[in-house]
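For reference, the chains in residue letters:
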Amino acid sequence: MMHIMPYVMRGRNESAIYYRNTVDITNMQNYIRDKRQEGKRVTLFNIIVTAMLHLIFERPNLNRFVAGRRLYKHNSFSVLYVVKTSLTDDGAESVARVNFNENDNIFTTSATMQNIINEIKNSKERVKWDDKIISAFSGFPRWLLRVTANVLRWADFHGFMPAKWLSVIPLYGSIFCSHLGSIGGGSPFHHLYEFGTTSIFVTIGKVYDKAYPTLDGGVEWRRVVDLCFTIDERICDGFYLIKSLKLLDELLQMPELLELSPAAYRSMPEEERRKLRQSISRNNRQRRQQGTQNEDSTAFSHEPY
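Residues numbered from 1 in each chain as written. Predicted model: local features only at pLDDT ≥ 70, side-chain atom pairs only at ≥ 80, totals over all residues. Heavy atoms only, no water.

Draft legend 1. Examining the layout of surface pockets more closely. Looking at the largest pocket, its volume works out to about 560 Å³. Lining the largest pocket are 21 residues; nearest its centre among them are Phe65, His74, Leu166, Tyr172 and Thr197. When residues of the lining of the largest pocket are traced back to their parent elements, those giving at least two are β2 (64–67), β3 (70–73), β5 (93–100) and α6 (142–158). Its residues assigned to classes, the lining of the largest pocket comprises seven nonpolar, 10 polar and four charged. (1 Å grid on protein atoms, 1.4 Å probe; cavity = no way out; pocket = protein on both sides within 12 Å on 5 of 7 lines; lining within 4 Å. Points joined across faces, edges and corners; volume = space filled by probe spheres on them. Helix = DSSP H or I, 4+ residues; strand = E, 2+ residues; numbered from the N terminus. Nonpolar A, V, L, I, M, F, W, Y, C, P; charged D, E, K, R; others polar.)

Draft legend 2. Focus on the environment of Met268. With respect to the element layout, Met268 can be found in the loop between α9 (262–267) and α10 (270–290). Expressed as a C-alpha distance, the spacing of Met268 and Asn75, which sit 193 residues apart in the sequence, is 24 Å. The contacts of Met268, once residues within four sequence positions are left out, are Leu260, Arg273 and Leu276. (Contact = heavy atoms within 4.5 Å.)

Draft legend 3. Local environment of the nonpolar core. Core analysis: the largest hydrophobic core is formed by 55 residues, its most contacted members being Ile47, Met52, Tyr81, Phe229 and Leu252. Sequence-distant contacts of Phe229, defined by excluding residues within four places in its chain, comprise Ile17, Tyr18, Tyr19, Asn21, Met52, Phe189, Ile200, Phe201, Val202, Leu245 and Leu248. (Core = buried A, V, L, I, M, F, W, Y, C linked by side-chain atoms within 4.5 Å. Buried < 20%, exposed > 50% of the residue type's maximum accessible area, 1.4 Å probe, protein only.)

Draft legend 4. Highlighting the side chain of Thr230. When you line up the elements, Thr230 lands in strand β9 (residues 219–232). By relative accessible area, Thr230 is classed as buried at 0%. From its side chain, Thr230 meets the backbone oxygen of His190 in a polar contact 2.6 Å long. With sequence-adjacent residues up to four places away left out, Thr230 is seen in contact with Ala16, Ile17, Tyr18, Phe189, His190, Leu192, Ser199, Ile200 and Phe201. (Polar contact = N/O pair within 3.5 Å; in protein donor to acceptor, adjacent residues only side chain to side chain.)

Draft legend 5. Geometry of the packing of helix α2 (residues 26–37) against α10. The interhelical angle for the contact between α2 and α10, taken along N-to-C directions, is 95°, at an axis separation of 11 Å. Classified by the angle their axes make, α2 and α10 are roughly perpendicular. Of the residues in α10, those touching α2 at Thr26, Asn27, Asn30 and Asp34 are Asn284, Arg287 and Arg288. (Axes fitted to C-alpha atoms, helices over the stretch in contact; angles between N-to-C directions. Parallel < 35°, antiparallel > 145°, perpendicular 65-115°, else oblique.)

Draft legend 6. Summary view of empty space enclosed by the protein. Under the defined criterion, the tally for this structure stands at two cavities of 30 Å³ or more. Estimated volume of the largest cavity: approximately 80 Å³. Lining the largest cavity, in full, are Met52, Leu55, Ile56, Leu62, Ile175, Ile200, Phe229, Ile231, Leu241, Leu245 and Leu248. When contributions to the lining of the largest cavity are tallied by element, the ones reaching two or more residues are α3 (44–58), β9 and α8 (238–253). For the lining of the largest cavity, the class distribution of residues is 11 nonpolar, no polar and no charged.

Here's what the structure looks like:
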C-alpha cells in the first residue's frame, strides 16, 4: 500500500498531516538546571533534537522520503534549522544542516549544534559558501532562473541530482526544525517543501503555563511547549506514526536517557532498560512532589537555539 500512495498523492503538501503535541517541560527544565550546575550547557532545543535522533533510530520508517514516486530511506540522520546572524530585521538567515549518527548523545549533539551556530554567526565572511551560490542564482534573469529551476526539479525527481548540489541546496535532510520559541513566537503548522527529501517539519513554540486537573479536583499549573508536526503520510501508516510520537513524548519526559547514544541504549538488555526508565521516572516524580522547580523557570522560555 505504501508504495502505491505516491501515485495517488503526488506531492508532499497534498499528503501532509498535522499533529500538535503539548509537552510538559518540567522534567526538561530540571534537567537543564542540573546540567548547568555541573557546568554543561544544554538547551531545550538540544533535548528535542536529541530525542528525535533516538526516535529515528528506534523508528526508522520516519527517516524515509518520496522522490520520483518511489519510497526511499535516508542513509543518515540530519536536522535542518535556520540560524540568524543577528536578531534584527536585516539579520541574514542561513540554514544549518547537522548530521548525526547512532553514537551521538545529548552532549555531542549540543556541542555540534552550538559549533555550527557559532561558525555561522562568527564567520568573517558572514555568508556561507552555499548561501553565496544560492544568492548568485537569484541574480539570474527570470527566464534563465526558471530553466535552471526546472532542470534541478527534473534531476531531483529522477535521482540525478549531483552530490555537490545535494550539499548546496538546504532542503535535503531528515527533519526541518524551526525553534520559533527562541524569538518569543508560537508554533504554527509549516508546509513541507516539495523539493528535496525532508518529510517532517516541526515547529517549537514559546514556553507558557497550562492548567492541568489534579486528582482532588483542583488545578495544577505547569510549564509547557507546543510541538507542531507536518508529516508526509506516505512515509509510514497512522499506527506507526502515533506509536512513534508517543515514544518521542516519553523520551522528552526522561532527558536523562539521552545521555546514552541510540546505539548504547539499544545494546542494553531489555530488563536493564526497563529498570533505568523506572528509576528516572521515580526520581522525576519525587522532584515534582518536593516542589523543587525554581520559580525563575521563564529563564529558559526564550533562549535562542
